[in-house]
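These are the residues of each chain, in order.
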Amino acid sequence: MSTNTATALDSVYQDSLNPPHGGELKELYLPAEQAEALKQHSATLPGWDLSQRQLCDLELLLNGAFSPLTGFLTRRDYDRVVRELRLADGTLWPIPITLDVSEAFAASIQVGSDIALRDVQGVPLAVLTVEDIYFPDKLVEAREVFGTTDVTHPGVADLLQRSNPVYLGGTLRGIQPPQHYDFAELRDTPRSLRETFARQGWSTIVAFQTRNPMHRAHRELTLRAAEQVGAKLLIQPVVGRTKPGDVDHFTRVRCYRALLKHYPKNDAALSLLPLAMRMGGPREAVWHAIIRKNYGASHFIIGRDHAGPGNDASGKPFYDPFAAQELLARHQQEIGIRVVPFPAMVYVANRDTYVPSTEVRKDDVVQDISGTELRRRLVTGEEIPAWFTFPEVVDILRERYPAGARKGVALLFTGLSGSGKSTLAEAVIAKLLERSSRSITLLDGDEVRKNLSKGLGFSREDRIANVTRIGWVASEIVRHGGIAICAPIAPYAETRAEIRRLVEQHGAFVEIHVSTPIEVCESRDRKGLYAQARAGKIPQFTGVSDPYEAPVSPELAFDTSSADAGQLANQVLAFLRNRGLLEN
C-alpha cells in the first residue's frame, strides 16, 4: 500500500472517530522553526517555574487534551466555569484550568506581557501572552467546584493552602512538550492515539480511567462494559498527580502491562494520561469524559464515587456514590460521549466467578480484599489468592512492597518557641533507640537553619522555605524506611499541610502540636527573646508580632507545662505502635 493510500485511509477512519470537544483538536505547539525562534526569545522574557499540577495542565493544554481551551482561563471564563460549568461562550467545561502565581510575580508583569513557562530545570516549554491578571475568591471556588471548604479534601487543601493568590489568564504558544523518560511508548497525545485507532480500524472505543493497580475484578468489569456496547477498550490510567498515598505510577504501569496480556488480542489498548487530578467527584467525572472524547473515545466507563476523595473531617463521604454518574448522564448528549455506568464486580466463591454486585443472590458467598487488606498481606507476606489478582501482578507488588519492610514515618513537633518541642523530640528519640535499631534523624529548627537553610531570614516567605526544606528532607528519609523527627516552630498551616503531602507520598505522617501556653513559653525563655520581641527589637517573632496558626486536627497534642517529657514520649510511642508504625 502506498503512503498516500495509507494516509487517505487514516483520514477516513479518523473521520469515523468521535470528534474533539468543540469540534476541533486545539494543538498549541508552534511549527519547529517558529518554536525554536520562540525558545531563543523566551530567554529574554520574565519566567515562571511551573509546579507539578501546572506542568500537567500545561502538557494537556498544549497537546489538545483540554480542547477547546487555548490557554489558562481568563476571569470571564473562570467565573462562569466556577458558577455554571461553562466557558464564557457557553461551552461545557467543569474544572477551572488556572495559572496561579505569587503577588510579587504578578506585580512585575502587566496585561499584554509575554512570560516564559518553564519546568523545574528551567527548560522553556511555552510562552503565555497575558490577557488577564486577577485575584480569585478561593473559598467560592472551593464551595462551587468541590462542594466543600473542608481541607481534608485534597483538592480543597491544594487550592486553599498551597496555591498562589493571583491567577493569570491568556493564550499559549507551545515550544516543546515536557520531557518524560519513563514509558515513552505509552505516552500518546490525542492526535497520535487517534491515528493509532484509525490504523487499527477502531471507531467505537470505551475508555476506562484508573489511578490504582488493576486486578481480576477490574478486568471483568472492563471486558463486560466493552462487550455491552460492542466497543474496543482503552485503559487510560492517570500518571500525573493522583491522591496522596496512592501507589506510584511506575509500579502501577508495570501492573497494567502485565494485566493487558489477559485481554483478548487486539481488543484492548493501554495509554497513559499525565493528568493532575483534583479528586472533584461529579465535576471531575464530566471533565474526564471530555478529555477521553478528545482522545477519540465514544464511551466512558464510570463506577461508584468516580474521582471521589473518600470521607470528610466528620467521617462522611464528600460525594454521594452515584452523583458522578448522574451529573455525567445529564451532560453526555451535549458532550457527545456515552456513559457506561457499571456496578462493582464481586467474587462469588460458591460459583467461582465474578458477577456485578447487582446480580448477587441470597445464597452467594461474596469474598473481597480491600486495598487496606491487600497492603497488609503484602507487608506480612500472607498469600494473595488467585481469585483476586494475577500472579504477575502479585510479583510486581511484592517487589515494590517486600514483606517485612518497615514503613517510614515522620513526626512533626510544632509549637511556639519554648513550648518544649525539642525536649519532647529528644525524649522520643531516646525512647525509640532504647527499644529499636531503626534509623532515626532529628531535623531540629535551629540546626536546620545553621546548615540546610543558612542565609534565610524570618520573613513569611523565608519561614515557609525553611520548613518546606525540612519537609522535603523528611520525605526522603521516610521514602527509605527511616524515622524523621522534625521540631521546627512551623507556624503556618499551609506549610505543615505541604509537609504532610510530601511525606504521605512515601509513608506515614504524624503531626504533634506542643500546645504549651505562651505565658509558660515566656517564663522558660532564658535568652530573653520574647522580651526583646515585645520591645520591638526582634521583628516577626512568632506568637508576638507574627501569628502562630494552631493545628486544627493534629494526630497528637501535648501541653508540657507540668508534664514529664519521658511520660509524653511513651504516649507518642504507644500511638506509633497502635498505628502499626512500630514493633510491639
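Because the structure is a prediction, the values reported are computed rather than measured.

Engineer: Is there a simple way to explain the sheet that holds strand β13 (residues 353-356) in this structure?
Structural biologist: Sheet strands associate in pairs through backbone hydrogen bonding, adopting either a parallel or an antiparallel arrangement. Taken in spatial order, the 3 strands of this open sheet run β13-β12-β14, and their pairing is antiparallel. The sheet is open, and its two borders are formed by β13 and β14 (366-367), each paired with just one other strand. Sheet topology note: the strand β12 (residues 345-348)/β13 ladder contains 4 bridges and is antiparallel. Counted as the bridge partner of V346 is V355 from β13.

Engineer: Even after reading the chapter, I still don't get helix α13 (residues 371-380), so can you show me in this structure?
Structural biologist: Counting along an α-helix, one turn takes 3.6 residues, and residues three or four places apart therefore face a common direction. The complete set of buried residues in α13 reads L374, R377 and L378. Projected onto a plane normal to the axis of α13, the buried residues spread over an arc of 100 degrees and lie on a single side. Facing away from the buried side of α13, by more than 90 degrees, are the exposed residues T372 and R375. Taking the backbone nitrogen of E373 as reference, a side-chain oxygen 3.0 Å away marks S370 as the first, capping residue of α13. G381 occupies a position one or two residues after α13 and carries a positive phi of about 85 degrees.

Engineer: Explain the UniProt feature "domain: ATP-sulfurylase PUA-like" (unreviewed entry) in the protein to me, please; I cannot follow it from the model alone.
Structural biologist: Per the UniProt record, "domain: ATP-sulfurylase PUA-like" (unreviewed entry) is found at residues 19-176. Secondary structure over residues 19-176 splits into 35% helix and 21% strand, and the C-alpha atoms at its two ends are 25 Å apart.

Engineer: Can you help me understand the pairing of strand β4 (residues 114-118) in this one?
Structural biologist: Put simply, side chains in a regular strand alternate between the two faces of the sheet. Where strand β1 (residues 47-49) and β4 come together, 3 bridges link them in parallel fashion. Across the sheet, D49 pairs through a bridge with R118, a residue of β4. Two strands pair when backbone bridges link them, and β4 and strand β5 (residues 124-134) are joined in this way by 5 bridges, in the antiparallel orientation. Within β5, the residue paired with R118 across the bridge is P124.

Engineer: Can you walk me through the pattern of salt bridges in this structure?
Structural biologist: A side chain with one charge can pair with a side chain of the opposite charge if their charged atoms come near. All chains considered together, the criterion is met by 36 salt bridges. The partner of R118 in a salt bridge is D49, with the nearest N and O atoms 2.9 Å apart. Here the residue R118 occupies a position in strand β4, and D49 occupies one in strand β1, the gap between them amounting to 69 residues. Exposure remark for D49: the relative accessible area of 40% places this residue in the partly exposed category. A salt bridge links R53 to D57; the shortest N-O distance between them is 3.2 Å. Here the residue R53 and the residue D57 both occupy positions in helix α3 (residues 52-62), the gap between them amounting to 4 residues, near one helical turn. Comparing R53 with D57, the two get one shared label, buried.

Scoring rules and cut-offs
Residues numbered from 1 in each chain as written. Predicted model: local features only at pLDDT ≥ 70, side-chain atom pairs only at ≥ 80, totals over all residues. Heavy atoms only, no water. Pairing = 2+ DSSP bridges. Helix = DSSP H or I, 4+ residues; strand = E, 2+ residues; numbered from the N terminus. Buried < 20%, exposed > 50% of the residue type's maximum accessible area, 1.4 Å probe, protein only. Arc of directions from axis to C-beta. Polar contact = N/O pair within 3.5 Å; in protein donor to acceptor, adjacent residues only side chain to side chain. UniProt positions renumbered as here; feature names shortened; annotations may be inferred. Salt bridge = Lys/Arg side-chain N within 4 Å of Asp/Glu carboxyl O.

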